[in-house]
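The chain contents come next:
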Amino acid sequence: TTRLTQNRFNEKSRHHDERVGYRDLTINLEVGWVYGEGELDFLPVKEWEAQMAERHIIEVQLHLRSIKEALGKEGHRTYEQWRNVLHK
């Protein structure tokens, strides 16, 4: 189940901030699973209650390679600091 989508590529999105220049697409998904024979079995949403599924929200991030390479190892932390300053 999709819980949240943030599209920083779309200029009309509230998550897009031209001052920062950072671009990505993040999707938060809720997944449900049960433990099978030594492995996880992911279930469709309609079976979660009946199967007493474990649940967790995961985040999938899609980046442009050029932006990811420019950010380097410390890039996201630098972005977060800059974003926090801008939004105070």
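Predicted model, so just to flag it, every value in this text is computed and none were measured.

The helix and strand tally for the protein chain stands at two helices and four strands. Reading the secondary structure of the protein chain in the N-to-C direction produces β-β-β-β-α-α. At 17 Å, the protein chain has a C-alpha radius of gyration far larger than the 12 Å of a compact globule built from 88 residues. Projected onto its principal axes, the C-alpha coordinates of the protein chain cover approximately 50 × 25 × 25 Å. Put simply, of all contacts in the protein chain between residues at least 6 apart along the chain, 49% involve residues at least 24 apart. On the protein chain, the mean spot of the 14 positive side-chain charges and the mean spot of the 15 negative ones are 10 Å from each other.

Our next topic: the environment of E18. Along the chain, E18 turns up in the loop between β1 (2–7) and β2 (25–35). Taking the C-alpha atoms as reference points, E18 and R8, separated by 10 residues in sequence, lie 9.4 Å from one another.

Calculation criteria
Residues numbered from 1 in each chain as written. Predicted model: local features only at pLDDT ≥ 70, side-chain atom pairs only at ≥ 80, totals over all residues. Heavy atoms only, no water. Helix = DSSP H or I, 4+ residues; strand = E, 2+ residues; numbered from the N terminus. Rg over C-alpha atoms; globule rule 2.2 N^0.38 Å. Contact = heavy atoms within 4.5 Å. Lys, Arg positive; Asp, Glu negative; His and termini not counted. Charge placed at Lys NZ, Arg CZ, Asp CG, Glu CD.

Nothing here speaks to function; it is all geometry.
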